[in-house]
Amino acid sequence: MTRLSTGGRIDRARPITLHFDGIKLAAYQGDTLASALLAHGVRIVNRSFKYHRPRGVFSAGVEEPNALVHLREGARGEPNTRATSIEAFDGLVSHSQSGWPSVRRDIGGLLGLFMRFMPAGFYYKTFIGPGRGTKAWMFFEHFIRKAASTAQPPMLDDPDSYEKVNAFCDTLVIGAGPAGLAAALAAGRSGARVILVDQDNALGGSLLDQPAGGAGDAWLQSVSDELHQLPNLRILTRTTAFGAYDGEVYGLIERVSDHLATPPEGQPRQRYWLVRARNAVLATGAIERPLVFGNNDLPGVMLASALRSYLNRYGVLCGQRVVLCTGNDSVYATACELASVGARVTVLDLRPTLPEALLAQAKAAGVAVRPGTAVVTAHGRRQIRGVSVATFDAVTGRTRGAASVLSCDVLGTSAGFTPTLHLWSQRGGRPVYDPQRLAFLPNTTAVPLMFCAGAALGEDGLHAAIANGFAQGAAACIAQNIGTLAPPALPSDGWRREALMPSAILAQTGDAAMPAFVDLQHDVKRSDIDLAHREGYVSVEHAKRYTTGGMATDQGKTSNVHILSRLAELRGTTLGDVGTTTFRPPYTPIAFGAIVGRELGPHFRPTRRSPMQDWHQAHGARFIDAGAWSRAWYYPQSGEDIRAAYLREAAHVRADVGIVDVSTLGKIAVQGPDAAEFLDRLYCNAFASLKVGRLRYGVMLRDDGFVFDDGTTARLGETEFLTSTTTANAGPVLARMEHLLQTAWRSMRVQVTSVSDQWGVIAVAGPKSRALLQTVCTVDLSAQALPNMAFVETQIGDVPVRVHRMSYSGELAYELYIPAGFAQEVWQILIDAGAKPYGTEAMGALRIEKGHVAGGELDGRTTLKDLALERLASRRKPFVGAVLRLRPKLEDLARPSLVGLEVLDRQTPLKSGALLFSGGKPISGHGDGYVTSTTWSPTLGGPIGLALLAYGQGRIGETIRCVDLLSGTNVACRVVAPCFVDPEGVRQNG
Amino acid sequence: MLRFSCPVCGLRDETEFTYGGDATLVRPAHDDTNADHWHDYVFLRDNPRGAHREYWHHVQGCRQWLVVERDTLTHAIGLVALARESRP
């Protein structure tokens with residue numbers, strides 16, 4: 001293999017140096033890592049996945065199954081990159097990612113000797129089947145995974161950034177080969193907004209594989225110039241359209257800086273484009289299929305089109321003695337061009353008779369042609385040294401008779417081309433096999449807003465592709481008066497003309513010593529497909545999963561059709577009957593970093609902050625996430641841990657006065673003439689009877705009769721209520737109200753509005769709360785003037801405040817509703833007046849002592865009866881859930897219901913989720929119920945909990961065991977009533 | 001990603017909406033005490049292949065509940081209407 005002194009599209013004025021496994025590779029700007037490896041004669045790039053066979057560069061594009069390398073080092077290291085699509089830059093470091101001690105002398109290669117004993121399903125049959133039910137597989141798996149030639153991802157943080165862009169267009173043209181360029185030009189001339197994307201670093205597609213400086217380049221230049229002048233057209237190169245989604249939404253990855261050593265200042269490594277289009281033109285071309293024969297994985301066996309690409313684009317001659325094997329016309333241009341730079345070229349053509357013109361063209365170029373012959377096996381150990389050639393029998397699709405040996409150092413094969421329909425298939429299109437066109441083709445009506453064009457549509461030859469692309473681009477934009485586009489003055493050789501499309505598998509049966517690989521990347525042999533068939537894998541989807549053919553990073557781009565055609569052959573049916581597997585995004589592998597973008601750490605999702613957040617932060621609060629909220633958890637004094645802090649805070653509330661930020665509660669303004677009737681329907685208890693100026697606690701059910709949410713509602717006026725919800729259900733409750741008002745109850749004159757963010761709320765709790773508040777506001781707060789469950793409006797400082805008298809802690813308590821922007825000011829006034837802050841942990845301890853239900857109990861699986869709230873349910877009016885809550889099973893006394901638990905030894909903490917078992921019963925199954933909330937009670941001086949226990953209310957006084965199987969604890973508790981503090985409510989009503 | 005033409009806000013991404021279930025069901029009158037009616041409404045669903053009407057809530061937009069015609073096979077979106085203006 002040598003670099004030619006002239007030719008190619010590389011920049012010979014800019015030499016660069018690359019590194020592969022410590023070898024220095026002299027290369028040029030414009031090379032890929034693969035072309036540099038080939039120019040340097042590096043044959044073995046990788047070891048195969050299962051048998052550790054030596055593998056070399058196979059293709060010149062993203063379909064590459066073999067040449068996977070680890071790119072860069074350290075934190076920028078990237079495994080499993082395809083050397084064929086890595087743009088070379090000076091100083092690029094790469095490593096082979098398999099083989100020990102090296103990829104050239106790999107001890108694992110001995111596995112290849114046992115290949116015949118390792119067919120499809122080998123690992124599962126050997127290591128799982130016999131040891132079923134034991135841990136044998138888990139033991140073996142470790143070694144098996146280690147033996148597989150797989151890559152190691154870097155374990156360091158990615159130093160680069162990624163970003164996301166939203167874009168809109170009328171027509172997205174995917175692929176900038178001849179058809180895509182023509183389509184973009186037609187659409188662009190019409191004035192439509194067009195985005196043209198290509199995964200390559202330049203426009204042109206297959207034209208870039210034509211000899212540089214020819215008629216193709218001139219055509220490309222003129223089209224490219226015109227496209228660049230269109231203001232309504234955006235061109236994105238180095239950009240892969242990897243996913244097509246519902247609603248004509250496309251995912252693209254733009255590799256902004258992958259071709260550079262490090263991203264330029266301020267630039268991301270990659271950019272994720274989400275394009276919303278009206279429609280798209282799919283001009284993704286076609287991928288060449290290889291032929292399958294014995295030892296077809298030897299380094300030096302390549303796709304015929306890749307030889308042309310390396311020659312004309314990179315100035316690399318892949319071999320001096322070239323054999324090409326094909327059944328179509330496409331390789332002849334390659335053969336003649338290779339011969340013109342001095343290679344000795346032989347074409348083995350499966351077809352017994354060939355057109356005279358073709359033979360004359362070959363003869364003139366000095367290319368030897370052997371009609372009616374084919375490769376039987378390739379020879380060589382670390383790379384190809386020669387091929388066995390025999391007569392090809394078009395009837396059987398196999399070679400027959402004696403073989404002669406032809407020496408060579410590279411072999412290119414072509415069985416035809418497969419239209420690249422991944423994106424079309426992702427949208428639900430099922431390609432149909434066309435026996436005339438010898439390809440799976442799109443049924444053009446299946447995905448109405450995706451227009452396939454050019455080779456992707458099965459168009460054959462350059463001129464046809466351009467004409468078709470232009471027409472499809474015009475159709476996408478319903479374009480008129482857009483002129484014409486003349487094709488370049490190049491021959492338009494088709495590959496389909498009089499082509500043969502056998503199964504492409506030339507290997508004869510019973511030749512186990514010479515394995516024939518249908519899928520190179522996953523080491524799937526022809527014999528593995530045969531085995532799957534014998535074992536009854538009829539569905540192509542099952543056969544794929546059993547053999548793992550078509551899986552891994554290349555997703556079978558060069559192997560899928562082989563598997564299908566072999567299955568068809570075995571079943572005695574046609575390719576069309578076998579059908580295809582389904583493609584899913586991404587078309588080529590994409591980096592997680594690009595999907596994540598900047599949504600990392602605290603930017604993963606928005607954080608909701610209370611209007612008093614700054615005060616909490618400034619005063620050393622520790623925070624806890626509660627949904628999207630970050631809430632003040634506790635306020636440690638010097639040396640305090642969480643337990644010491646919350647016990648102090650809670651005890652202070654019971655003895656004195658504390659304040660807690662409860663702004664996170666959902667708050668909904670319910671307004672309108674029918675507001676009272678609306679709440680009456682929604683809540684299980686009555687609201688129409690609520691007097692203006694009063695508060696009422698309410699519980700709402702779901703339609704199925706389970707408890708949905710609870711909260712307190714204030715009647716601000718005859719037609720105006722302010723309803724509060726739990727923090728977690730603020731959104732769902734509002735959505736539910738809107739649903740009912742806009743669907744079934746649309747005649748009700750009610751408006752609901754979220755005012756959660758408009759009000760800051762401070763709970764003031766403790767026996768001294770009234771005295772404290774009375775020092776900061778002038779309104780009369782005496783029990784006569786403001787009884788429990790009433791509110792009054794006043795001012796604190798200059799701030800208008802509504803004082804709701806209500807209690808969550810069980811103490812004399814108030815909630816202050818303050819315009820959000822002034823909440824922190826009022827908080828500071830209360831602190832200055834002597835109140836101590838307490839956090840959500842102390843608040844939780846207080847509410848558990850009081851037996852109030854919260855998230856642990858309101859888990860969507862509990863009824864009013866379960867929660868001992870049955871007394872709330874109105875018997876006089878219908879309400880949501882009223883009918884289905886009375887289902888007999890929900891009335892069963894055996895359902896776990898709310899009780900309190902006191903730990904007998906007054907020391908051992910309880911665990912939420914622990915199961916409850918009666919004293920003498922064995923510990924098995926689900927027990928009689930479970931613990932829902934736990935805390936250390938500052939009042940009782942010991943651990944307590946709330947629990948749901950079968951026949952709970954009838955078991956007060958019983959001793960029960962709380963068993964947590966995860967931590968292995970077993971705690972004896974006494975069952976008590978769920979309210980531990982002031983059950984008569986003297987304090988809160990005082 | 002599905003995209004819906006919200007009658008208020010125009011063509012918007014699915015991510016702005018939440019799914020709200022089968023829109024072909026008729027909710028029993030709020031004072032209906034027949035348990036069978038409620039059982040059928042709450043628990044029984046058809047699973048049609050093809051055209052379907054369903055509720056979507058434009059929760060990150062105008063907060064209107066919409067009735068969307070969606071083909072469950074192809075995800076093609078048909079008529080989108082405000083729930084309050086569509087036939088019950």
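Analysis parameters
- Residues numbered from 1 in each chain as written.
- Chains lettered and ligands numbered in written order.
- Predicted model: local features only at pLDDT ≥ 70, side-chain atom pairs only at ≥ 80, totals over all residues.
- Heavy atoms only, no water.
- Helix = DSSP H or I, 4+ residues; strand = E, 2+ residues; numbered from the N terminus.
- Buried < 20%, exposed > 50% of the residue type's maximum accessible area, 1.4 Å probe, protein only.
- Contact = heavy atoms within 4.5 Å.
- Areas by Shrake-Rupley, 256 points an atom, 1.4 Å probe, with all protein chains shown as cover.
- Lys, Arg positive; Asp, Glu negative; His and termini not counted.
- Charge placed at Lys NZ, Arg CZ, Asp CG, Glu CD.
- Patch = residues over 30% accessible without salt bridge, like charges linked within 9 Å, V, L, I, M, F, W, Y side chains within 5 Å.
- Salt bridge = Lys/Arg side-chain N within 4 Å of Asp/Glu carboxyl O.
- pLDDT = per-residue confidence, 0-100.
- Phe/Tyr/Trp six-rings, centres within 6.5 Å; stacked < 30°, edge-to-face > 60°.
- Pairing = 2+ DSSP bridges.
- Buried area = accessible area lost by both parts, 1.4 Å probe.
- Polar contact = N/O pair within 3.5 Å; in protein donor to acceptor, adjacent residues only side chain to side chain.
- Nonpolar A, V, L, I, M, F, W, Y, C, P; charged D, E, K, R; others polar.

Draft legend 1. Region of interest: the overall build of chain B. Of regular secondary structure, chain B possesses one helix and six strands. For chain B, the succession of helices and strands along the chain, N to C, is β-β-β-α-β-β-β. Taken along its principal axes, the extent of the C-alpha atoms in chain B is 40 × 30 × 20 Å. Burial statistics for chain B: of 88 residues in total, 40% are counted as buried. Within chain B, contacts between residues at least 6 apart in sequence are counted, and of these 43% link residues at least 24 apart. Summed over its atoms, the accessible surface of chain B is roughly 5,000 Å², and 49% of this surface lies on carbon and sulfur atoms. The distance from the centre of the 10 positive side-chain charges to the centre of the 13 negative ones in chain B is 6 Å.

Draft legend 2. Inspection of a positive patch on the surface at higher detail. All names here are of chain A. Residues R104, R105, R381 and R382 make up a contiguous surface patch of positive charge. Along the chain, the position of R381 falls in the loop between β21 (373-379) and β22 (386-393). Overall, R381 belongs to the exposed group, its relative accessible area being 68%.

Draft legend 3. How the structure looks around helix α7 (residues 331-340) of chain A. Residue and element names in this part refer to chain A. Along α7, nine of the 10 residues are buried, which leaves the element largely enclosed by surrounding structure. Of all the residues in α7, the buried ones are V331, Y332, A333, T334, A335, C336, E337, L338 and A339. G342 sits one or two positions beyond α7 and adopts a positive phi of about 105°.

Draft legend 4. Local environment of the confidence of the model for chain B. For chain B, per-residue confidence averages 95 on the pLDDT scale, and residues scoring 70 or more make up 99% of the total. As a predicted assembly, this complex carries a pTM of 0.91 together with an ipTM value of 0.98.

Draft legend 5. Here's a closer look at the packing of aromatic side chains. Residues and elements named next belong to chain A. Throughout the structure, instances matching the rule amount to 15 aromatic pairs over all chains. When the ring of W615 is compared with that of Y635, the centres are 6.2 Å apart and the planes differ by 65°; the resulting orientation is edge-to-face. Placement of W615 in helix α16 (residues 613-618) and of Y635 in the loop between β32 (629-634) and α17 (642-655) is noted, with a sequence separation of 20 residues between them. Take W615: its relative accessible area is 7%, and that puts it in the buried class.

Draft legend 6. Structural detail: the pairing of strand β41 (residues 799-805) of chain A. Residue and element names in this part refer to chain A. Within β41, six of the seven residues are buried, which leaves it mostly tucked inside the rest of the structure. The pairing of strand β40 (residues 790-796) with β41 spans seven bridges and is antiparallel. Paired with T794 across the bridge in β41 is V801. In textbook terms, the turn of a hairpin is the stretch between consecutive antiparallel strands, and for β40 and β41 this stretch comprises two residues, one of which, G797, has a positive phi near 65°. Both β41 and strand β42 (residues 813-819) contribute to a ladder of four bridges, which runs antiparallel.

Draft legend 7. Quick look at the pairing of strand β7 (residues 78-82) of chain A. Residue and element names in this part refer to chain A. Of the pairings in the sheet, the one linking strand β6 (residues 68-71) to β7 comprises three bridges and is antiparallel in character. Along β7, the bridge assignment pairs V69 with T81. Linking β6 to β7, which pair antiparallel, is a turn of six residues; within it R72 sits at a positive phi near 60°.

Draft legend 8. Region of the structure containing the interface of chain B and chain A. In this assembly, 29 residues from chain B lie in contact with 29 residues from chain A. Contact between chain B and chain A buries roughly 2,300 Å² in total, counting both sides, with carbon and sulfur atoms accounting for 54%. In terms of surface lost to chain A, no three residues of chain B exceed M1, R27 and H30 of chain B, which account for 30% of the buried area on that side. Summed over the shared surface of chain B and chain A, the number is three salt bridges. Counting every contact that joins chain B to chain A gives 16 residue pairs in polar contact (both at pLDDT 80 or more). Within the residue set of the side of chain B that touches chain A, elements represented by two or more residues are α1 (35-43) and β4 (51-57) of chain B. Here the element with the most residues in the side of chain B that touches chain A is α1 of chain B; it accounts for six residues. Of the residues assigned to the side of chain B that touches chain A, the class counts are 11 nonpolar, nine polar and nine charged.

Draft legend 9. Representation of the environment of T580 of chain A. All names here are of chain A. Turning to its location among the elements, T580 is positioned in the loop between α14 (575-578) and α15 (592-596). Distance from T580 to S539, taken between C-alpha atoms, is 9.8 Å for residues 41 residues apart in sequence. Residue contacts for T580: discarding those within four places in its chain leaves R430, P431, F440, V540, E541 and L564.

Draft legend 10. Unusual backbone geometry, seen in detail. All names here are of chain A. The omega angle of the peptide bond from P585 to P586 is 0°, so this bond is cis rather than trans. By the element assignment, P586 lies in the loop between α14 and α15. The phi angle at H52 is positive, at roughly 55°, despite the residue not being glycine. Tracing the backbone shows H52 in the loop between β4 (46-47) and β5 (54-55). Judged by relative accessible area, which is 7%, H52 ranks as buried. We note that T548 has phi near 60°; this positive angle belongs to a residue other than glycine. In this structure, T548 sits in the loop between α12 (540-547) and α13 (560-571). For T548, a relative accessible area of 26% translates into the label partly exposed.

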